[in-house]
Amino acid sequence: MISRVTSQTMTRTAQDNLQTGLSELARLRERAVSGNAISRPSEDPSGTKAALNVRAELRANEQFSRNITNGDAWLTTVDSAMSTTTDLLNRVKDLALRGANDSTLSPAASEGLAAELETLGAELLKQANTTHQGRPVFAGNSDTGKAFDNTFAYAGVPDSGVERRLTANSTVRVDTDGAAVFGEGPDSVFALVNSMVTELRAGSGTGSFLAAIDSRTEAIQGQHAAVGARHAELLRAREANVSESVELQTQRSSIEDVDLGEAVMDMKLQEIAYQNALAVSARVLQPTLMDFLR
């Protein structure tokens, strides 16, 4: 069957084809200018879904990065407090050695040692109540604001800890059990120093306290080593987090971003095709006398 083709039909078909070519040229131009491979979800539903999944992973990774930064600040604070505590205990031991022989100490010398030990005891209590952003780093998840009160009782929550999530499947503790580090009540390092002060002012020596000082120092060093191990784990997690972020950004870019050179080339080819279509249509669809008579 032979179809009848009129000039009007040819004109309408040519206009439709030109409009389609112009729309494609506009789309490619927008793609090249914006740099986005997907302007709207309907253009690439599967690509849109993949992009959303990658962006969700990126947001989670950014949160892990913030957790790591916060955890690093906590552990750095703990590490600094424990280093200072060790230095203070070393000084306490030096004074205990000087006051070990009560027969060679004058009352003035004993009082001098006792006064310095009081100062060291107060500084030890201050270190035990060290805070980070208003929260004590040796009190677990307690909200009391301090790890030890003036009676040397532990004010933290036993068997609790502050944790930060490093990945979807791992966490790290960023505080330390103050009772394990400093002891508590009459068995605390603060009570130990107070007892030394009392003995010195009573005219007695401090030699009997040396073993207790060494024992508490060893306990602190053991806890300090554990803090160092957790800090190293956190720093490894930071390196992995940075690598993961780079990989996810690469995945996102491969889905969402266009190759600029390729985009410009596609646009130029479409522009040439559109110009050629205009030229051909102008030559084929010449106006006739009937067009003017209508």
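Residues numbered from 1 in each chain as written. Predicted model: local features only at pLDDT ≥ 70, side-chain atom pairs only at ≥ 80, totals over all residues. Heavy atoms only, no water.

Colleague: I keep staring at the nonpolar core and nothing clicks. Help me out?
Modeller: In globular proteins that are soluble, nonpolar side chains generally tend to be buried together. Ranked by internal contacts, the top residues of the largest apolar core, which has 48 residues, are Val92, Leu117, Phe138, Phe148, Phe182 and Phe190. Mapped by element, the contributors of at least two residues to this core are α2 (45-98), α3 (107-128), α4 (178-182), α5 (189-201) and α6 (210-256). Sort the elements by how many residues they give to this core and α2 lands first, with 11 residues. Aside from chain neighbours lying at most four places away, what touches phenylalanine 148 is Leu125, Ala128, Asn129, Ala153, Tyr154, Ala155, Gly178, Ala179, Phe182, Gly183, Glu184 and Phe190. (Core = buried A, V, L, I, M, F, W, Y, C linked by side-chain atoms within 4.5 Å. Buried < 20%, exposed > 50% of the residue type's maximum accessible area, 1.4 Å probe, protein only. Helix = DSSP H or I, 4+ residues; strand = E, 2+ residues; numbered from the N terminus. Contact = heavy atoms within 4.5 Å.)

Colleague: I'm lost on unusual backbone geometry in this one. Help?
Modeller: Phi is mostly negative for residues that are not glycine, and the peptide bonds are mostly trans. Positive phi, close to 70°, is recorded for phenylalanine 152, a residue that is not glycine. Its place among the elements puts phenylalanine 152 in the loop between β2 (135-136) and β3 (163-167). Positive phi, normally seen in glycine, also occurs at aspartate 159, with a value near 55°. When you line up the elements, aspartate 159 lands in the loop between β2 and β3. You can call aspartate 159 exposed: its relative accessible area is 82%.

Colleague: Hey, could you run me through the packing of α3 against α5 in this one?
Modeller: To describe two helices that pack against each other, one gives the angle between their axes and the distance between the axes. Close contact between α3 and α5 brings their axes to 9 Å; oriented N to C, the two are set at 170°. On the basis of their axis angle, the class for α3 and α5 is roughly antiparallel. Judged by residue contacts, Ser110, Glu111, Leu113, Ala114, Ala115, Leu117, Glu118, Gly121, Leu124, Leu125 and Ala128 of α3 engage Val189, Phe190, Val193, Met196, Val197, Leu200 and Arg201 from α5. (Axes fitted to C-alpha atoms, helices over the stretch in contact; angles between N-to-C directions. Parallel < 35°, antiparallel > 145°, perpendicular 65-115°, else oblique.)

Colleague: Before we go on, may I ask you to explain the side chain of threonine 85 in this structure?
Modeller: Secondary-structure assignment places threonine 85 in helix α2. Judged by relative accessible area, which is 0%, threonine 85 ranks as buried. For threonine 85, the contacting residues outside a window of four places in its chain are Leu124, Gln127, Phe182 and Ile220.

Colleague: In this structure, what is going on with the packing of aromatic side chains? I would like to understand it.
Modeller: Scanning the entire structure with this criterion turns up six aromatic pairs. Ring geometry for phenylalanine 148 versus phenylalanine 190: centroids 5.2 Å apart, planes at 70°, classification edge-to-face. In this pair, phenylalanine 148 is assigned in the loop between β2 and β3 and phenylalanine 190 in helix α5, connecting sequence segments 42 residues apart. Since its relative accessible area comes to 1%, phenylalanine 148 is described here as buried. One aromatic cluster is present, formed by Phe138, Phe148, Phe152, Tyr154, Phe182 and Phe190 through successive ring pairs. (Phe/Tyr/Trp six-rings, centres within 6.5 Å; stacked < 30°, edge-to-face > 60°.)

Colleague: Which parts of the structure should I look at to understand the confidence of the model for the protein chain?
Modeller: Segments scoring low in pLDDT should not have their predicted coordinates read at a detailed level. Looking at the protein chain, pLDDT values average 83 and 75% of them are 70 or higher. Considering each helix and strand of the protein chain separately, the mean pLDDT is smallest for helix α8 (residues 289-293), with a value of 50, and largest for strand β4 (residues 170-173), with 94. (pLDDT = per-residue confidence, 0-100.)

Colleague: When you look at α3 in this model, what are you seeing that I'm missing?
Modeller: Since there are 3.6 residues in each turn of an α-helix, residues three or four apart along the chain are aligned in direction. With 22 residues, α3 should reach 32 Å at 1.5 Å per residue; the first-to-last C-alpha distance of 31 Å fits that figure. Residues of α3 that are buried include every one of Ser110, Leu113, Ala114, Leu117, Leu120, Gly121, Leu124, Leu125, Gln127 and Ala128, and no others. Buried positions in α3, seen along its axis, are confined to an arc of 150° and lie on one side of it. Away from its buried face by more than 90 degrees, α3 exposes Ala108, Thr119 and Lys126. At its buried positions, α3 is contacted by α2, α4 and α5. (Expected span 1.5 Å × (residues − 1). Arc of directions from axis to C-beta.)

Colleague: Just checking my understanding: could you explain the environment of alanine 96 for this structure?
Modeller: Considering the arrangement of structural elements, one finds alanine 96 in helix α2. For alanine 96, a relative accessible area of 0% translates into the label buried. Sequence separation between alanine 96 and alanine 114 is 18 residues; the distance between their C-alpha atoms is 9.9 Å. If near-sequence neighbours (up to four positions away) are discounted, alanine 96 is found in contact with Met196, Thr206, Gly207, Leu210 and Ile213.

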